[in-house]
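Notes for the structure review
Below, each chain spelled out in residue letters.
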Amino acid sequence: MNIKKSILLLLFVVLSFFLRFWHIAQMPPGLYLDEASIAYNAYSIWQTGKDEFGQSWPYWFEAFGEYKLPVYIYAVSISMVVFGPTDFAVRFPSALAGSLGTLAIYWLVWLSFYKDKRREWLAIGAAGFWSFSSWSLQFSRGGFEANLAMTLIIVGFAGLYAALRLRRTWWLYPAGLTFVVAIATYNSARLFVPLLLLVWAWLYRQRLFKWKGIILRSVILVGLLGSPLLIGQFSEVGLVRARETSILGEQGMVSTAQRFLTNYIDHFDTTYLFFHGDQYGRHSIRKQGMLYYFQLPLILIGLVQALKNRNRTNTFWIAWLLLSPLPAALTSPTPHALRSLNSLPAWLVFTTLGSVALFLWVNTRLKARILRYGFRGLFVLLIAYNFAIYLADYSYRYRLATGLDWNDGLRETVQLIKANYENYDQIYLTNQLPFVYLAFYLPIDPQLSHQLLSHNQNQLISFDKFHYFDYAWEIESQQSRLIVAPWWQTAPEDSLVAEIKIENGDPLFNVWEQDASN
Amino acid sequence: MQAIKAFECTHLAVKNDVPHQIWEGISSLSESGLPIWVIRLINNKVRYYGVSYAQCYVHYWSPKFWLHWLQPLGFLVLLVSLVFIWYRLKWLRKPLLILAAVFPLIMIFELYRL
């Protein structure tokens with residue numbers, strides 16, 4: 001790689017880190033419920049080696065009954081050792097995975113297109129598009145397990161291609177272990193990784209057949225080393241989340257097949273991909289697609305190129321694209337940007353294929369150097385304009401419009417409670433302030449949490465000086481108390497301590513006090 | 001444009017929707033502290049008309065549209081036919097691409113009413 005390309009790659013890596021880490025603890029505006037659960041479980045692991053329920057070094061984290069996979073939670077607990085129990089620590093592993101994803105995709109594209117003389121530009125292009133991809137940014141700036149899993153999958157396949165292209169078979173061992181870690185990180189990977197591995201093995205079966213000895217050894221070694229992570233996959237609780245969200249068995253076979261097809265096709269809908277995105281506030285900025293507008297023509301060119309030149313590498317990337325929405329298609333609702341996040345690398349590869357093909361075409365057609373430079377300038381300008389539209393939307397409108405999706409205001413509420421803890425005999429809390437937020441931001445000693453939680457946080461009625469309530473007017477007490485109620489339950493005259501609002505100014509909680517005489 | 005269904009993405013729908021989109025875009029950034037010229041650079045007729053027409057145009061290529069229109073069985077038949085034409089009847093590729101390029105224009109401008 002020459003100096004020009006090295007500098008370009010370095011710039012993309014720096015841009016990746018900047019866009020993913022800049023004000024990450026404040027934007028998005030709060031930890032959403034799963035992030036808070038991950039946060040407190042990680043805190044509990046860090047402090048005691050047990051989850052919030054008191055299970056020692058668990059594989060499955062019970063959380064709200066959906067049983068979370070372990071890798072992200074353990075990664076956050078390590079992050080907390082360095083950064084303390086902060087929002088930043090919770091989002092750090094995801095942001096780091098997203099940032100390093102730039103190098104991972106560079107590596108994978110470079111190796112997978114090893115026999116293509118355009119491989120350097122393809123790899124740099126993919127890394128560049130990754131660095132500011134709105135889909136990647138969306139999930140890198142929150143504590144999403146799927147984002148870490150996706151980077152691990154990219155690294156895993158890069159390892160396989162390294163073994164194949166560079167003829168260094170020892171790469172099979174780290175690649176295999178990376179896949180094991182990926183399937184212990186996010187549920188989608190449990191289906192996607194084995195399927196894509198089968199396709200990859202089929203595509204390169206002739207070479208792999210020659211390596212059957214080393215492959216057998218690597219499967220055994222990876223199986224042994226990864227056994228703690230693999231055995232847990234087959235336990236009964238590992239299917240709880242799949243059963244909760246799956247469409248299988250809901251209706252007859254024909255209806256289920258139809259539903260599956262509809263769900264699958266939803267992930268290739270152009271309106272979803274390029275114009276509207278996933279309508280969950282946490283999954284996209286909603287006014288734009290999961291991919292940028294400018295990617296649309298490039299992807300079309302890239303796909304046509306790949307379909308015209310059928311070689312193993314192009315087939316591998318088409319298979320990646322076609323297999324990645326399968327886990328999401330088996331569940332509802334769809335389209336689901338988080339469960340189909342694994343399709344992003346393939347979309348970016350086709351964007352890059354399209355760009356490189358376009359540039360080559362222009363270079364052969366435009367003889368005058370000034371016209372070629374003009375085209376390049378226009379290309380960069382259009383991308384920059386599209387990115388500016390996204391950035392303005394993300395930084396201003398999105399932050400204000402999706403406060404409730406990110407549970408904005410709960411951190412501030414617990415901080416207020418913490419500041420006033422010594423001033424009152426009792427603290428009454430609305431059920432709209434879930435226990436995990438209180439536990440993480442106060443924080444509550446995990447030893448106490450182990451004793452308190454009887455496998456259902458919703459049944460937690462009172463502990464220490466805290467009491468949960470439904471309606472403030474039902475509270476009967478003769479002690480001094482602080483009451484945190486939903487905004488529609490108003491404070492008696494002259495007793496208001498604070499009105500908690502989310503970023504757009506909408507009220508969230510009314511906090512008031514009552515002394516012992518009331 | 002809000003969620004588009006089947007055949008509703010037309011020139012008229014775009015024309016009606018764009019002023020609302022511009023108003024919404026400008027209002028959402030009005031208190032952002034960005035200079036007005038930046039807000040107008042981001043929210044203008046050229047962008048919204050361009051994006052809305054592009055959205056409508058590719059909507060008629062979207063597999064979701066075809067699945068909705070043809071139902072699962074028809075959709076699968078279409079898919080198999082396209083693959084067959086692409087790889088076995090290569091002389092039909094060009095007419096097929098021309099048809100694909102023209103079809104959305106017929107739908108957007110409702111030329112089938114002529």
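Reference entry: report on the structure contained in this document. Since the model is a prediction, treat every value here as computed from it, not as a measurement.

1. Focus: the overall build of chain B
Each helix and strand counted, chain B has five helices and zero strands in total. Starting at the N terminus, the α and β elements of chain B follow one another as α-α-α-α-α. In terms of C-alpha radius of gyration, chain B reaches 19 Å, well past the compact-globule figure of 13 Å for 114 residues. Based on the C-alpha atoms only, the size of chain B along its principal axes is roughly 60 × 30 × 25 Å. Here chain B holds 114 residues, and 35% of them are scored as buried. When contacts within chain B are restricted to residue pairs at least 6 apart in sequence, those whose partners lie at least 24 apart make up 64%. Just so you have it, chain B exposes about 7,300 Å², and 71% of that area is on carbon and sulfur atoms. Once the 11 positive and 5 negative side-chain charges of chain B are each reduced to a mean point, those two points are 18 Å apart.

2. Considering the packing of helix H19 (residues 344-365) of chain A against helix H20 (residues 369-401) of chain A
All names here are of chain A. Their axes nearest at 10 Å, the elements H19 and H20 cross at an angle of 155°. Comparing their axes, H20 and H19 come out roughly antiparallel. Two packed elements cross with a definite hand, and for H19 against H20 that hand is right-handed. On H20, the residues touching Ser355, Leu358, Phe359, Val362 and Asn363 of H19 are Arg372, Phe375, Arg376 and Phe379. Counted by class, the contact of H19 with H20 contains five nonpolar, two polar and two charged residues.

3. Observations regarding a positive patch on the surface
Residue and element names in this part refer to chain A. Taken together, the side chains of Lys115, Arg167, Arg205, Lys210 and Arg312 make up a positively charged region of the molecular surface. Its location among the elements puts lysine 210 in helix H10 (residues 205-210). Classification of lysine 210 by relative accessible area gives exposed; the value is 70%.

4. With respect to helix H8 (residues 172-183) of chain A
The terminal C-alpha atoms of H8(A) lie 17 Å apart, and with twelve residues this matches the ideal 16 Å at 1.5 Å per residue to within 8%. In this fold, the buried residues of H8(A) make contact with helix H7 (145-165), helix H9 (187-203), helix H11 (212-225) and helix H12 (227-233) of chain A.

5. Focus on the interface of chain A and chain B
Listed by partner, the interface residues are 25 residues for chain A and 28 residues for chain B. Together, the buried faces of chain A and chain B total about 2,300 Å²; carbon and sulfur atoms form 68% of this surface. Applying the counting rule to chain A against chain B returns two salt bridges. For the salt bridge of Lys64(B) with Asp266(A), the shortest nitrogen-to-oxygen distance reads 3.5 Å. Counting residues per element, the ones that place at least two in the side of chain A that touches chain B are helix H14 (253-266), helix H15 (270-276), helix H16 (295-308) and H20 of chain A. Considering every element that reaches the side of chain A that touches chain B, the biggest residue donor is H20(A), with six residues. The residue inventory of the side of chain A that touches chain B, partitioned by class, reads 14 nonpolar, five polar and six charged.

6. Examining the packing of aromatic side chains
Working definition: an aromatic ring pair is given by the centre-to-centre distance plus the angle between the planes. On inspection of all chains with the given rule, the structure shows 65 aromatic pairs over all chains. Each ring, one from Phe18(A) and one from Trp22(A), has its centre 6.2 Å from the other, and the planes form 40°; the classification is tilted. Relative accessible area serves as the criterion here: at 47%, Phe18(A) is assigned to the partly exposed category. With a relative accessible area of 42%, Trp22(A) lands in the partly exposed category. Grouping aromatic residues by their ring pairs yields a cluster made of Phe157(A), Tyr161(A), Phe179(A), Phe192(A), Trp200(A), Tyr204(A), Phe316(A), Trp317(A) and Trp320(A). The aromatic ring of Phe209(A) is capped on one face by Lys212(A), whose charged end is 4.4 Å from the ring centroid. One residue, Arg310(A), lies across the ring of Tyr87(B), its end atom 4.3 Å from the ring centre.

7. Looking at the pattern of salt bridges
Residues and elements named next belong to chain A. Scanning all chains against the criterion turns up eleven salt bridges over all chains. With a shortest N-O distance of 2.2 Å, arginine 411 and aspartate 87 are connected by a salt bridge. In this pair, arginine 411 sits in helix H21 (residues 410-420) while aspartate 87 sits in helix H4 (residues 87-112), placing the two residues 324 residues apart along the sequence. Accessibility assignment for this pair places arginine 411 and aspartate 87 in one class, buried. Several salt bridges converge on common partners, so that one network encompasses Asp34, Glu66 and Lys68.

Reading the values: rules and limits
- Residues numbered from 1 in each chain as written.
- Chains lettered and ligands numbered in written order.
- Predicted model: local features only at pLDDT ≥ 70, side-chain atom pairs only at ≥ 80, totals over all residues.
- Heavy atoms only, no water.
- Helix = DSSP H or I, 4+ residues; strand = E, 2+ residues; numbered from the N terminus.
- Rg over C-alpha atoms; globule rule 2.2 N^0.38 Å.
- Buried < 20%, exposed > 50% of the residue type's maximum accessible area, 1.4 Å probe, protein only.
- Contact = heavy atoms within 4.5 Å.
- Areas by Shrake-Rupley, 256 points an atom, 1.4 Å probe, with all protein chains shown as cover.
- Lys, Arg positive; Asp, Glu negative; His and termini not counted.
- Charge placed at Lys NZ, Arg CZ, Asp CG, Glu CD.
- Axes fitted to C-alpha atoms, helices over the stretch in contact; angles between N-to-C directions.
- Parallel < 35°, antiparallel > 145°, perpendicular 65-115°, else oblique.
- Left-handed = near helix turned anticlockwise from the far one by under 90°.
- Nonpolar A, V, L, I, M, F, W, Y, C, P; charged D, E, K, R; others polar.
- Patch = residues over 30% accessible without salt bridge, like charges linked within 9 Å, V, L, I, M, F, W, Y side chains within 5 Å.
- Salt bridge = Lys/Arg side-chain N within 4 Å of Asp/Glu carboxyl O.
- Expected span 1.5 Å × (residues − 1).
- Buried area = accessible area lost by both parts, 1.4 Å probe.
- Phe/Tyr/Trp six-rings, centres within 6.5 Å; stacked < 30°, edge-to-face > 60°.
- Lys NZ or Arg CZ within 6 Å of the ring centre and 35° of its normal.

The values are spatial; any link to function lies outside them.
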